[in-house]
Amino acid sequence: MTKIIDGKEFAQKIRNQVKEDSDNLFKNKQVQPCLAVVLVGENPASKVYVGAKTKMAAECNIKTKDFKMEDTTDQATLLKVIEELNNDSGVHGILVQLPLPKQIDERAVIDAIDVKKDVDGFHAINAGRLSIGGEMLKQAFIPCTPLGSLLLLKDTVPNLSGMNAVVIGRSNIVGKPMSQLLIEESCTVTIVHSRTKDIEAICSKADIIVAAVGRPEMIKSNWIKDDAVIIDVGINRIPSKKPDGSEGTKLVGDVDYNDVFEKSSAITPVPGGVGPMTIACLLRNTVTSAYRHAGLGDPRGTVDSESHDQYKDKYINH
Ligand code: GUN
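Residues numbered from 1 in each chain as written. Predicted model: local features only at pLDDT ≥ 70, side-chain atom pairs only at ≥ 80, totals over all residues. Heavy atoms only, no water.

What follows concerns the sheet that holds strand β8 (residues 229–232). Picture the strands of a sheet paired through backbone hydrogen bonds; they go either parallel or antiparallel. Taken in spatial order, the six strands of this open sheet run β1-β11-β8-β7-β5-β6, and their pairing is parallel. Edge positions in the sheet fall to β1 (3–4) and β6 (188–192), since each has one partner strand and no second. As defined by bridge partners, strand β5 (residues 164–168) adjoins β6 across five bridges and the pair is classed as parallel. Across the sheet, residue Ile 168 finds its bridge partner in β6, namely Val 192. (Pairing = 2+ DSSP bridges. Helix = DSSP H or I, 4+ residues; strand = E, 2+ residues; numbered from the N terminus.)

Right under this line is the structure:
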């Protein structure tokens, strides 16, 4: 029987605890965690994500400050906003939604964010800490989508040591940090990408596949081995007929879910898998940052589950 990995339910548990931690911080220190969200331009997917982040932050009693900037904004203007947010003691987390318009150097902007407020975990120093691993990891903010993916994976396979994991995609947002988290779990990790020769042959040896390429339903059942665990990070909108026969759209992952389902031992659906975990982990990172800024130790772990206890010290109770 294939297990459907329920990211929606898991993310709700995380958010419940984030709210509790946020409320306790307010009770004890009169501090309300605050996340600044900067959106430049009109990318429709980015607008949807930013809207969802703001709504869920409110449900966790996390304040948000939204900065919506024109598509034509220049880099100096954006850097000035970031400097102001860095200097604002009421702001604990800064998120600049990616991608940015082409006139802006993304790396320069990300590295201008105060490392201690970099709740996305994209700053070069946070990326470096993750790469070094061990004790360094405890000071880092871990990128939210890979962290959410790992939490789901660990809930399904508590001991990942020695497993063959293939990460499909080499982005700084998902592929690279995901591979480093899996190395930290003592997996044998292979990253494959658009230039990899014979991707199918490599994937077919994997105990775990993490797909983060942004290509709808690319991974088919003949790519995977029997009983592989599949984490599908892709969120792709494709044309689809509505029940009444008219034209509509639907969300699909990078994995052909129906094709792969029987052959896998566990799989994340799209929607309802990794997606909700990203925002939950962002809110967790924001509350952790607020505790640190208040001079407190990090709040307790994310979820009270036995398997989670083994790794929450490492990834959550930084
Ligand atoms: N664009 C796609 N995913 C992300 C994310 O996790 N954080 C930010 N800032 N931008 C993104």
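There is more to say after this.
Within the largest apolar cluster, 52 residues are counted, with the highest numbers of intra-cluster contacts made by Ile 62, Leu 160, Leu 182, Val 210 and Leu 283. If you tally residues by element for this core, the top one is helix α11 (residues 274–293), at 10 residues. (Core = buried A, V, L, I, M, F, W, Y, C linked by side-chain atoms within 4.5 Å. Buried < 20%, exposed > 50% of the residue type's maximum accessible area, 1.4 Å probe, protein only.)

Our focus in this paragraph is the pattern of salt bridges. Here the structure, examined in full by the defined rule, presents 13 salt bridges. Residue Lys 65 is joined to Asp 88 by a salt bridge in which the shortest nitrogen-to-oxygen separation is 3.0 Å. Residue Lys 65 is found in strand β3 (residues 63–69), and its partner Asp 88 is found in the loop between α3 (75–87) and β4 (93–96); the two are separated by 23 residues along the sequence. With its nearest N and O atoms 2.9 Å apart, the salt bridge here joins Arg 107 to Asp 111. In this pair, Arg 107 and Asp 111 are both assigned in helix α4 (residues 106–112), four residues apart and thus about one turn of the helix distant. According to the relative accessible area criterion, Arg 107 is partly exposed, its value standing at 34%. A relative accessible area of 30% means that Asp 111 is categorised as partly exposed. (Salt bridge = Lys/Arg side-chain N within 4 Å of Asp/Glu carboxyl O.)

For the rest of this paragraph, the subject is the sheet that holds β4. The parallel open sheet is built from three strands, whose spatial order is β3-β2-β4. Each of the sheet's edge strands pairs with one partner strand only, and the pair in question is β3 and β4. Between one strand and the next, the sheet's axes are offset by a mean angle of 15 degrees, whatever the strand orientation. Two strands pair when backbone bridges link them, and strand β2 (residues 34–40) and β4 are joined in this way by four bridges, in the parallel orientation. (Axes fitted to C-alpha atoms, helices over the stretch in contact; angles between N-to-C directions.)

Looking now at the site of the ligand. Neighbouring the ligand are Leu 95, Val 96, Gln 97, Leu 98, Asp 120 and Phe 122. One of the side-chain N or O atoms of Gln 97 is found 3.3 Å from a nitrogen atom in the ligand. Here Leu 98 contributes a backbone N or O atom positioned 2.9 Å from a nitrogen atom of the ligand. In isolation the ligand offers 280 Å² of accessible surface; the protein chains occlude 84% of this area. (Near = heavy atom within 4 Å. Polar contact = N/O pair within 3.5 Å; in protein donor to acceptor, adjacent residues only side chain to side chain. Areas by Shrake-Rupley, 256 points an atom, 1.4 Å probe, with all protein chains shown as cover.)

A few words on the environment of Gln 180. Counting through the fold element by element, Gln 180 comes out in helix α8 (residues 175–184). Classification of Gln 180 by relative accessible area gives partly exposed; the value is 24%. Residues in contact with Gln 180, not counting those within four places in the same chain, are Leu 130 and Ser 131. (Contact = heavy atoms within 4.5 Å.)

Residues of the protein with pLDDT of at least 70 account for 94%, and the chain-wide mean is 94. When the criterion is pLDDT under 50, residues 301–310 qualifies, and its contacts beyond four places in sequence or with other chains add up to 27 contacts. (pLDDT = per-residue confidence, 0-100.)

So, about α11. Under the 1.5 Å per step criterion, the end-to-end length of α11 is 29 Å for 20 residues, consistent within 8% with the ideal 28 Å. Along α11, 16 of the 20 residues are buried, which leaves the element largely enclosed by surrounding structure. Immediately beyond the C-terminal end of α11, within one or two residues, lies Gly 295, with a positive phi of roughly 80 degrees. (Expected span 1.5 Å × (residues − 1).)

Right, let's get into the packing of aromatic side chains. Enumeration according to the criterion identifies one aromatic pair in this entry. An angle of 50 degrees between the planes, with centres 5.5 Å apart, marks the rings of Tyr 257 and Phe 261 as tilted. Above the face of the Phe 10 ring, Lys 13 is positioned so that its terminal group lies 6.0 Å from the ring centre. The ring of Phe 141 carries Arg 292 above its face, with NZ or CZ at 4.8 Å from the centroid. (Phe/Tyr/Trp six-rings, centres within 6.5 Å; stacked < 30°, edge-to-face > 60°. Lys NZ or Arg CZ within 6 Å of the ring centre and 35° of its normal.)

Here we come to the environment of Asn 258. Structurally, Asn 258 is set in helix α10 (residues 257–260). On the basis of relative accessible area, Asn 258 is assigned to the exposed category, the value being 67%. Measuring from C-alpha to C-alpha, the distance between Asn 258 and Met 69 comes to 40 Å, with 189 residues separating the pair along the chain.

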